[in-house]
Amino acid sequence: MEYSVGWKYGVPYDDDSSWIFRAAEAMSEGSKWDVLYKLVSRDWDLTNRVLSLSNLGQYIYATIIRFCLYSPVMFDLHINIYLVYLAQLLLLSIGVINVIIELSVYGRRYFNKIPAKSSLFYIIMFYPIVVFNAGKMMREALNIFCLLEVFYYFLVYVNSGKISKAFMLFSLLTLIIRPNSIVLILPLCLYMYLGVKIALISNTVIFVILMVGTLIVNRIMAIVGWNYSFGEVNLIEMLHLFLFPNIINQFKDFITIFSSPSWQTVLYFFQSLWNIPYIILMITGILNNKNKSLTILFITITINALAMYSLIYDIDSFTPRYKLIYFIPQLYFVYTGMCYMKNKIRLR
């Protein structure tokens, strides 16, 4: 890609990867955090890059990349970049393996037969939002690893009743990297420490705040005359994000690939193909789950996550990585869907 499209060192020239790489390079030359926001690819992105709680994770990740790339350079910077991608791939593999081990323990409690660990590794590791982020210079790689560890220690609690301090550590790291993960982390913490009823009540309160609270605030602002809106939860946008990228829309874009070449069009098209079995397995897992309390917990987490992104973004702004906010419910329902099919049909 470095030579075919002109990306420096092969780093994608998108808003996030490009800024991370430039920020790491600038820090290696002595720049401080307070000036890194100026290294954006597009002027409209300046306000988004100013150091704040919402993008603190990007600054931390850029600092990690700075040390990985420049302390020291291994003969050539290309080598360091490849080692970063390899390290991220290995890190995510470790996280996936940990989750698979505990999912297998969980599955044996409710099903006579469970899927092979190799099949489960493949379907999680090669889920596009996992494997593609492992090969990009973005905080999502670190976010995915922390989410996998949060899920792992949550499953340890579900399987054994033991609460590990590491759960709180990775939960905190997840919130630092992506503060909006609060809609996922808070219910899991409440479930472990206070029980399922309190966790479900919290999810209900969060949903009411997202649905009704923003409507009230927007009406007050309109009455006062402030020309600003928080947006409103849109059920169509929630469904769109759940299905995104969907095969129908992506196929329409893909057939124009020769007249309008785009690597993103190709990427989204293949992600939409992978999305089909994932959604089928998720729905199967929801409808045939034997642990009703976890089913309701993860359904409400998913609804709140979709509602939050519907509130913040419109359809045109969605990208597959936004699905990470309900990554844990996805894995849970995909696995239980695989278990159900394993017991009903011949499935490896």
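How each quantity is defined
- Residues numbered from 1 in each chain as written.
- Predicted model: local features only at pLDDT ≥ 70, side-chain atom pairs only at ≥ 80, totals over all residues.
- Heavy atoms only, no water.
- 1 Å grid on protein atoms, 1.4 Å probe; cavity = no way out; pocket = protein on both sides within 12 Å on 5 of 7 lines; lining within 4 Å.
- Points joined across faces, edges and corners; volume = space filled by probe spheres on them.
- Helix = DSSP H or I, 4+ residues; strand = E, 2+ residues; numbered from the N terminus.
- Nonpolar A, V, L, I, M, F, W, Y, C, P; charged D, E, K, R; others polar.
- Contact = heavy atoms within 4.5 Å.
- Polar contact = N/O pair within 3.5 Å; in protein donor to acceptor, adjacent residues only side chain to side chain.
- Core = buried A, V, L, I, M, F, W, Y, C linked by side-chain atoms within 4.5 Å.
- Buried < 20%, exposed > 50% of the residue type's maximum accessible area, 1.4 Å probe, protein only.
- Phe/Tyr/Trp six-rings, centres within 6.5 Å; stacked < 30°, edge-to-face > 60°.
- Lys NZ or Arg CZ within 6 Å of the ring centre and 35° of its normal.

So, about empty space enclosed by the protein. If you walk through the whole model with that rule in mind, you get 3 cavities of 30 Å³ or more. Estimated volume of the largest cavity: approximately 70 Å³. Around the largest cavity, the lining residues are Glu140, Asn143, Leu147, Arg178, Asn180, Ser181, Tyr309, Arg321, Tyr322, Leu324 and Ile325. Among the elements that make up the lining of the largest cavity, the one with the highest residue count is helix H7 (residues 140-160) (3 residues). Its residues placed into classes, the lining of the largest cavity shows 5 nonpolar, 3 polar and 3 charged.

As a further point, take the environment of Trp33. Within the element layout of this structure, Trp33 appears in the loop between helix H1 (15-28) and helix H2 (46-49). Every residue in contact with Trp33, bar those within four places of it in the chain, is listed here: Met27, Leu51, Leu56, Tyr59, Ile60 and Thr63. Of note is the side chain of Trp33, whose polar atom sits 3.1 Å from the side chain of Thr63.

Of all hydrophobic cores here, the largest spans 81 residues; its most connected members are Ile123, Phe151, Phe154, Leu188, Leu294, Phe298 and Phe327. For this core, the leading source of residues is H7, giving 14 residues. Not counting chain neighbours up to four residues away, the residues in contact with Ile123 comprise Trp274, Tyr278, Leu281, Val334 and Met338. Core analysis: the next-biggest nonpolar cluster, separate from the first, contains 19 residues, Ala24, Val40, Leu69 and Met137 among them.

Summed over the entire model, instances satisfying the criterion amount to 18 aromatic pairs. Ring centres of Trp19 and Tyr59 lie 5.1 Å apart, and the angle between their planes is 65°; on these two criteria the pair is classed as edge-to-face. One end of the pair, Trp19, is in helix H1; the other, Tyr59, is in helix H3 (residues 56-70), and 40 residues separate them in sequence. Grouping residues by exposure puts Trp19 and Tyr59 together as buried. Look at Phe269 and Phe270: their rings are 5.5 Å apart centre to centre, the planes differ by 75°, and that puts the pair in the edge-to-face class. A relative accessible area of 10% means that Phe269 is categorised as buried. A residue is classified by how much of its surface remains accessible, and Phe270, at 46% relative accessible area, is partly exposed. Through a chain of ring-to-ring contacts, three or more aromatic side chains come together here, namely Tyr106, Tyr110, Phe154, Tyr157, Tyr191, Phe298, Tyr332 and Phe333. The residue whose ring lies beneath Arg66 is Phe67, and the NZ or CZ to ring-centre distance is 4.7 Å.

Keep in mind that these numbers describe shape and distance, not what the molecule does.
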